[in-house]
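For reference, the chains in residue letters:
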Amino acid sequence: MTGVVVCTWGMGRGGGPPTGTEELLTLGRKTARALDAPLAWVVLGPLPNDAAAIAGRHGVASVEHVTDGRLERFEADVYVEALAQYCRASSPRLVLVSQTHDARLLAPRLAGRLGATVVMNAIGLAAGEGGRLQVTASAYGGDTRVVYDLAAGTGWVVGVATSVLVPEPLADGAGAAPVREVAVDLASVKERIRVIARAVTEGPRIEDADIIVAGGRGLGAPENFRLVQELADALGGMAGASRPIVDEGWTDPSRQVGLTGRITRPALYIAVGISGAGQHMVGCAGAKTLVAINRDPEAAVFRYARYGIVGDCLEILPELIRVMRT
Amino acid sequence: MSVRIVVCAKEVLDPDAVNNYALEGRLEIGADGRTLTQTSIPRVMNAYDEQGIEAALRLREAGLACTITVVSVGTADGSEILKHAAALGADEIVSIPIDASTIDHHGIARLLAAWVRSSGGAGLVLCGRQASDDDQGVVPALMGELLDMPVVTVARSLASIGEGEMRVVRVTPDGDETVEVSCPAIVTISNELGQPRYPTMAGRMAARKKRATVVPPETLGVADLRPQVMLARQFVPAVKGACEVIAGATAAEASERLVARLRADGVLRA
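The rules behind the values
- Residues numbered from 1 in each chain as written.
- Chains lettered and ligands numbered in written order.
- Predicted model: local features only at pLDDT ≥ 70, side-chain atom pairs only at ≥ 80, totals over all residues.
- Helix = DSSP H or I, 4+ residues; strand = E, 2+ residues; numbered from the N terminus.
- Rg over C-alpha atoms; globule rule 2.2 N^0.38 Å.
- Buried ≥ 20, exposed ≤ 12 C-beta atoms within 10 Å, placed from the backbone.
- Core = buried A, V, L, I, M, F, W, Y, C linked by C-beta atoms within 7 Å.
- Contact = placed C-beta atoms within 7 Å.
- Axes fitted to C-alpha atoms, helices over the stretch in contact; angles between N-to-C directions.
- Parallel < 35°, antiparallel > 145°, perpendicular 65-115°, else oblique.
- Left-handed = near helix turned anticlockwise from the far one by under 90°.
- Nonpolar A, V, L, I, M, F, W, Y, C, P; charged D, E, K, R; others polar.
- Pairing = 2+ DSSP bridges.
- Expected span 1.5 Å × (residues − 1).
- Domains from an automatic or database assignment.
- pLDDT = per-residue confidence, 0-100.

Let us now look at the overall build of chain A. Within chain A, the secondary structure is distributed over nine helices and 15 strands. In summary, chain A has a C-alpha radius of gyration of 21 Å against a globular reference of 20 Å for 326 residues, a match within 12%. Seen through its principal axes, chain A has C-alpha atoms that stretch 60 × 45 × 35 Å. Looking at chain A as a whole, 58% of its 326 residues qualify as buried.

Core analysis: the biggest nonpolar cluster contains 191 residues, and Leu-96 and Val-272 of chain A together with Leu-112, Val-125 and Val-187 of chain B have the highest contact counts within it. Aside from chain neighbours lying at most four places away, what touches Leu-96 of chain A is Val-5, Val-6, Cys-7, Leu-24, Leu-27, Gly-28, Val-158 and Val-160 of chain A.

This part takes up the packing of helix α9 (residues 313-325) of chain A against helix α7 (residues 251-264) of chain B. To characterise two packed helices, one gives the angle between the axes of the helices and the distance between these axes. Two elements in contact, α9 of chain A and α7 of chain B, have axes separated by 8 Å at closest approach and are oriented at 50°. If you check the angle between α9 of chain A and α7 of chain B, you find them oblique. As α9 of chain A runs across α7 of chain B, the sense of the crossing is right-handed. Along the contact surface, α9 of chain A presents Glu-315, Ile-316, Glu-319, Leu-320, Val-323 and Met-324 of chain A, while α7 of chain B presents Ala-251, Ala-252, Ala-254, Ser-255, Glu-256 and Val-259 of chain B. Partitioned by chemical class, the residues of the contact of α9 of chain A with α7 of chain B number eight nonpolar, one polar and three charged.

Okay, the sheet that holds strand β7 (residues 151-160) of chain B next. One open sheet holds the ten strands; their spatial order is β10(A)-β9(B)-β8(B)-β7(B)-β10(B)-β6(B)-β1(B)-β4(B)-β5(B)-β11(B), and the pairing between them is mixed. Lying at the two open borders of the sheet, with one neighbouring strand each, are β10 (193-197) of chain A together with β11 (213-214) of chain B. As defined by bridge partners, strand β8 (residues 165-172) of chain B adjoins strand β9 (residues 175-182) of chain B across eight bridges and the pair is classed as antiparallel. Counterpart to Arg-170 of chain B in the pairing with β9 of chain B is Glu-177 of chain B. Those strands touched by helix α4 (residues 105-118) of chain B are β1 (3-8), β4 (66-73), β5 (92-96) and β6 (124-128) of chain B, and its axis lies near 145° from that of β4 of chain B. Here helix α5 (residues 139-147) of chain B sits on the sheet in contact with β6, β7 and β10 (185-189) of chain B, set at roughly 180° to β10 of chain B.

We now examine helix α2 (residues 47-61) of chain B. Residue and element names in this part refer to chain B. In this model, α2 (15 residues) spans 21 Å end to end at C-alpha, consistent with the 21 Å of a helix rising 1.5 Å per residue. Every buried residue of α2 is accounted for by Tyr-48, Asp-49, Glu-50, Gln-51, Gly-52, Ile-53, Glu-54, Ala-55, Ala-56 and Leu-59. Just past α2, the residue Gly-63 takes up positive phi, approximately 105°.

To continue, consider the domain arrangement of chain B. Domain assignment breaks chain B into domain 1 (3-220) and domain 2 (240-270). Between the C-alpha centres of domain 1 of chain B and domain 2 of chain B there is a distance of 46 Å.

Turning to the sheet that holds strand β9 (residues 179-183) of chain A, a few remarks are in order. Spatially, the ten strands line up as an open sheet ordered β9(A)-β3(A)-β2(A)-β1(A)-β4(A)-β8(A)-β5(A)-β6(A)-β7(A)-β12(B), and their pairing is mixed. Single-partner strands in this sheet number two, and they are β9 of chain A together with β12 (229-235) of chain B. Averaged over all pairs of adjacent strands, the angle between their axes in this sheet comes to 35°, without regard to strand direction.

A few words now on the interface of chain A and chain B. The partner chain B presents 67 residues to the 71 residues of chain A that form the contact. The pairing of strand β15 (residues 307-310) of chain A with strand β13 (residues 244-245) of chain B spans two bridges and is classified as parallel. Paired with Gly-308 of chain A across the two strands is Val-245 of chain B, which belongs to β13 of chain B.

Residue and element names in this part refer to chain A. Residue position: Arg-180 is located in strand β9. The class for Arg-180 is exposed, based on 12 C-beta atoms found within 10 Å. In this structure the C-alpha to C-alpha distance between Arg-180 and Glu-64, which are 116 residues apart in sequence, comes to 5.0 Å. If we ignore the near neighbours within four places in the chain, the residues touching Arg-180 are Ser-62, Val-63, Glu-64 and His-65.

Before going further, it helps to spend a moment on the pairing of strand β7 (residues 144-150) of chain A. A large share of β7 of chain A lies buried, amounting to five of its seven residues. As judged from the seven bridges shared by strand β6 (residues 133-139) of chain A and β7 of chain A, these two strands associate in the antiparallel manner. Residue Thr-136 of chain A lies in a different strand from β7 of chain A, and its bridge partner there is Val-147 of chain A. Bridge count between β7 of chain A and β12 of chain B: six bridges; the pairing is antiparallel. Counterpart to Val-147 of chain A in the pairing with β12 of chain B is Arg-233 of chain B.

All names here are of chain A. Per the domain assignment, the segments making up chain A are domain 1 (4-183) and domain 2 (206-325). On a C-alpha basis, the centres of domain 1 and domain 2 stand 32 Å from each other. Tallying the contact residues gives seven residues for domain 1 and ten residues for domain 2. Looking at the side of domain 1 that touches domain 2, its residues break down into two nonpolar, four polar and one charged.

Contact pair helix α4 (residues 101-114) of chain A / α5 of chain B: the axes reach a minimum separation of 8 Å and the direction vectors enclose 40°. For the element pair α4 of chain A / α5 of chain B, the angle class is oblique. Of the two possible hands of crossing, α4 of chain A and α5 of chain B adopt the one that is right-handed. Judged by residue contacts, Leu-105, Pro-108, Arg-109, Gly-112 and Arg-113 of chain A of α4 of chain A engage Ala-141, Leu-142, Gly-144, Glu-145 and Leu-146 of chain B from α5 of chain B.

Here we come to the confidence of the model for chain B. Predicted confidence across chain B gives a mean pLDDT of 94, with 100% of residues reaching 70 or more. Reported confidences for the modelled complex are a pTM of 0.90 and an ipTM of 0.93.

Before going further, it helps to examine the environment of Thr-8 of chain A. Residue and element names in this part refer to chain A. Following the sequence through the fold, Thr-8 ends up in strand β1 (residues 4-9). Residue class for Thr-8 comes out buried when judged on the 25 C-beta atoms lying within 10 Å of it. If near-sequence neighbours (up to four positions away) are discounted, Thr-8 is found in contact with Pro-17, Pro-18, Thr-21, Val-43 and Ser-98.

Now for helix α3 (residues 81-88) of chain B. Residues and elements named next belong to chain B. The element α3 is extensively covered by neighbouring structure, given that seven of its eight residues are classed as buried. Every buried residue of α3 is listed here: Ile-81, Leu-82, His-84, Ala-85, Ala-86, Ala-87 and Leu-88. At its buried positions, α3 is contacted by β2 (11-13), β3 (43-45), α2, β4, β5 and α6 (201-209). Residue Gly-89 follows α3 closely and has a positive phi angle near 130°.

As a further point, take unusual backbone geometry. One can expect most non-glycine residues to show negative phi and most peptide bonds to be in trans. All names here are of chain B. Cis geometry marks the peptide bond from Cys-183 to Pro-184; its omega dihedral reads 5°. Tracing the chain through its elements places Pro-184 in the loop between β9 and β10. Of note in the backbone geometry, Asp-135 takes a positive phi value of approximately 60° without being a glycine. By the element assignment, Asp-135 lies in the loop between β6 and α5. Here Val-154, not a glycine, exhibits a phi torsion of approximately 55°, which is positive. Structurally, Val-154 can be placed in strand β7.

Dropping the structure here:
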């Protein structure tokens, strides 16, 4: 077993690589150095714009473009088999994926098929003792961190929470990396999951929002969520929510920010009446500026915040809306 | 023909209690450096797994001829979670006793898959989308490989549409997606399914008489249970805590100051 592989699929905004790719390449580069192994970037399906140049900035030795007509869009059985064939041919020591919904299925299926060892929710990697891999991951909805030792001698597949990482391109990055076309044989793969109705994105996605105002139980009553929406509108942003109020039906699940909801990384995140549970903060810890508004000065959310207002959010929200509108 | 539904359930430390300790800054890791020590934290069934049972009960209520078996690996002695499953309406409860600290999720998937095979197979395997302790969520997919079953993840609802076919509505970042899959299949259930029910008094009474079928792990013929993933350490993350509190005599004043700061920082347009 040899190299470190960063694997991505799909496109991000403007046809570029999907969200989290550069963060993953950064982690891949550092880990490859620690393991004294070469770094490859495997792209399943259509190649994103500027892939070769981006790869060059991250010290990628080769962009491995796995092409096949059946890889146009993510389908679990086809994708797992394509990546498994690539791995059987090139025997990477470590495969890294950014932890999307699809990756949460693909990574363990791949590991199962290859007899590899899998861990998800990773936020850090290091070479361990005796040829092991040391993985730091979040647990208990972000309330704790765990450090796992992954056994030596098996391949490793690791799902990475890229939303909490920062991309660090090389200052003296080489030019474009070479792109190698890799063929796979998917003729015998039967996709067992038949999509009847695709998800249709209705309007903008909260994952892509630059400004988010998110409300929690501190709003007191379902009808007060309206204030969160009004402030979001006044700021030109989107409204988000914590899981408890989504579970209670105050707003739509598509607004839920957190471990089991949406992972966001806006420029500005205003948490209103949100206590700061780990599982929520996982979904907004990547915000550049976090503002907390909470009645309880001891609320955990203040530990994450850049700015805080201690007070009743039902008094403060209308004032913020007023200030923003004038 | 009756479908055998298997629901996999894990016992976890109550995540709400863990979270309350964490929010108060009082969460403690034991001398072994690995486990949470507060003995006052109750052990409960993973809430997503409870929703797996709820999904099974809804299928039965919708008219699917089925039996519901709830199985748990490594549940502590005296655990109430299988009793709870029986009280909710499980026809059979199964315990595979093993010291949970000695195996990893690969071992758990191997034990569950071997037990499913040796106990007559399953038409449908339901699991919670992840466990609320380690949040890994990999056991269903690992079982899918071992049992050669398709795995449909993060379901908000599922329905039998006849001829061994299931229709599943999945939660995705782009909205709901509807898929169909042929049984046998594995489906993972998310909280969007809605609140699981409470046991009825009659259910609780009936559950008292129900005994778990105990399946010793060594009878399942799993060659290797040595963990590939070993928990070395657990810790409570330090949060940077550089919050600047914006004060004001009134809500209006504090709001104006906050907006002024965000504009000065260039976060908001002036």
